[in-house]
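Below, each chain spelled out in residue letters.
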Amino acid sequence: MFMNVFSNKKKFTLILLSSLLLGIFIFLTNSKPTSSEKNGEITPTVFIHGFKGGPGTFNTMMNRLEQQNVGSKRMVAYVSRQGHVTLRGSLPPSMEPFIQVLFENDRASLKQQTVWLQEVIHRLKKRHGIQQINLVGHSMGGLAATNFLLHYQDGQYPVVQKLAVIASPYKGIKKEGYFEVHSSPAANDLKPESDALKSMILRREFFPKGVDTLVIAGVINSSEEDSDHWDGLVHASSVKGMKSIVPFGSYREEIVFGQSATHSGLHEHPEVDRVLGEFLWEQSNE
């Protein structure tokens, strides 16, 4: 009697389990496409901070852009000192998402930051189905985004449609005494004529064609008699050095003038918001 009851319970459990598995199979085969499949239709914008940067570099800019109904911050890519990448958030296909990249080691070399950025962007395609992106970088973040494109591999990454760099020193930082107080792999790469900067120029032929590129520089002293046209840290001529990398026809530049157009003030500047809005999302504030 006991064995019969046990056998019946076992059969019932097997039938229930089989029914459950069959139900799951039917649901999966008849369900709508996943968000990852739909993500191929959206174009996220990836924001990359610079040397000694962090969440504050782009947080307030993204908040302002969100208030303008341009898009919304949907994901953060954390990169640990050991290079481990963690993606937090989701990418719904209903609105253009912003993705913020944060390097725990914000003083790493340009080469190392490029490797980390490659991993982040590769995961966006592999795990989230992203097929195209925009890149926005401030200062060294712009250099990392550019270097990523100079080492771009078809099929491994989403297609980069547009690149915007803000106050990025392609010819290095020439501020007197700067490197006496800043010493790190990143600082070494930011020196004029550094191997990292020269390597970017030597690889300019590998910059992908068709990537619309916007360069934004700040000038806090607009007097024609003053040769130091800079944002207090990076000279405009250094930022414009990007022109020697980008293929003809894909380059444009914008200079933001005024006392608030400082190196760190540019990512808080309303004129930069306007220029980025028009360039990336064809948004007009007229």
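Everything discussed here concerns the structure shown above.
What counts, and where the lines are drawn
- For every chain, the first residue of the written sequence is number 1, and numbering continues from 1 onward in sequence order.
- At least 70 in pLDDT is required for a residue's local features to be given in this predicted model, at least 80 for side-chain atom pairs to be given and counted, and no such filter applies to totals for whole chains, interfaces and linings, which use all residues.
- To obtain the side-chain values, all non-hydrogen atoms of the structure were included, while hydrogens and water were left out.
- Numbering goes from the N terminus for both helices and strands, where a helix is a DSSP run of H or I of at least four residues and a strand is a run of E of at least two.
- As used in this structure description, the phrase polar contact means that two N or O atoms lie within 3.5 Å; if the pair is within protein, one of them must be able to donate a hydrogen and the other to accept it, and residues adjacent in sequence are counted only when both atoms belong to side chains.
- Burial classes follow relative accessibility: with a 1.4 Å probe on protein chains only, a residue under 20% of its type's maximum area counts as buried, one over 50% as exposed, and anything between as partly exposed.
- A pair of strands counts as paired when DSSP detects no fewer than two bridges linking them.

1. Some thoughts on the environment of Ser260
Mapping Ser260 onto the fold places it in the loop between strand S8 (251–257) and helix H10 (270–281). Considered as a pair, Ser260 and Val219 are 41 residues apart in the sequence and their alpha carbons are 9.0 Å apart. A polar side-chain atom of Ser260 sits 3.2 Å from a polar atom in the side chain of His269.

2. Re the pairing of strand S4 (residues 97–103)
Burial runs high along S4: seven of the seven residues are buried. Judged by which residues are buried, S4 turns out to be covered on both faces: Pro97, Ile99, Val101 and Phe103 on one side and Phe98, Gln100 and Leu102 on the other are all buried. For strand S1 (residues 45–48) and S4, the ladder comprises four bridges, and the chain directions are parallel. When the sheet's bridge partners are listed, Val46 is paired in S4 with Ile99. Two strands pair when backbone bridges link them, and strand S2 (residues 72–79) and S4 are joined in this way by seven bridges, in the parallel orientation. Bridge assignment links Tyr78 to a residue of S4, and that residue is Leu102.

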